[in-house]
Amino acid sequence: MLPRVQRCIGVFLCLAFFTPPSAAQDRSGRELVEVIIRDGPRARAINAEVEVTRPEQFARLVSPNLSVAYSREGARHRIPQLEDI
């Protein structure tokens, strides 16, 4: 059996020669956080909600709801009671 040091050296050499080289990151940590915030699942959900709400608001501006107000205070007519008949 190979001694422990020789096995460690052999594993290290295999990993050093047979692993593909990796490129360094092109973005800083701050840029990565900004991308996650801008393109993350929560941001997509918020943007989708905005896209639904915006046409609804536009429709309300174009054709507002018509409403009728009724007040009995302005009525000047006396409603006959059963005793008056």
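The following refers to the structure shown.

How each quantity is defined
The residue count restarts for each chain, going from 1 along the sequence in the order it is written. Local features in this predicted model are restricted to residues of pLDDT 70 or higher, and side-chain atom pairs are both shown and tallied only at a pLDDT of 80 or more, whereas totals for entire chains, interfaces and linings draw on every residue. Only heavy atoms go into the side-chain values, all of them from the structure, while hydrogens and water stay out. Note on conventions: DSSP H or I runs of at least 4 residues are helices, E runs of at least 2 residues are strands, and numbering of each starts at the N terminus. Only protein chains enter the area calculation, which uses a 1.4 Å probe; residues under 20% of their type maximum are buried, those over 50% are exposed, and those in between are partly exposed. Areas reported as accessible are Shrake-Rupley estimates using a 1.4 Å probe. Residue values count occlusion only from the protein chains shown. We count a salt bridge whenever a side-chain nitrogen from Lys or Arg sits within 4 Å of a carboxyl oxygen from Asp or Glu. Residues enter a patch when their relative accessible area is above 30% and they make no salt bridge; the linking distance is 9 Å between like charges and 5 Å between nonpolar side chains (Val, Leu, Ile, Met, Phe, Trp, Tyr).

1. Overview of the overall build of the protein chain
From N to C terminus, the protein chain includes three helices and zero strands. Reading the helices (α) and strands (β) of the protein chain from amino to carboxyl end gives α-α-α. In the protein chain, which comprises 85 residues, the proportion classed as buried is 2%. Looking at the protein chain as shown, the accessible area adds up to about 9200 Å², and 61% of this sits on carbon and sulfur atoms.

2. Considering the pattern of salt bridges
Evaluation of the coordinates by the stated rule reveals two salt bridges. Note that Asp 39 and Arg 38 form a salt bridge whose closest N and O atoms lie 3.5 Å from each other. Looking at Arg 38, the relative accessible area reads 53%, which means it is exposed. With a shortest N-O distance of 3.5 Å, Glu 51 and Arg 54 are connected by a salt bridge. Residue Glu 51 and its partner Arg 54 are located together in helix α3 (residues 41-62), separated by three residues, close to a single helical turn.

3. Quick notes on a nonpolar patch on the surface
On the surface, a nonpolar cluster with roughly 730 Å² of combined accessible area is contributed by Val 5, Ile 9, Phe 12, Leu 13, Phe 17 and Phe 18. Checked against the element boundaries, Val 5 lands in helix α1 (residues 4-18). On the basis of relative accessibility, which here comes to 59%, the residue Val 5 falls in the exposed class.

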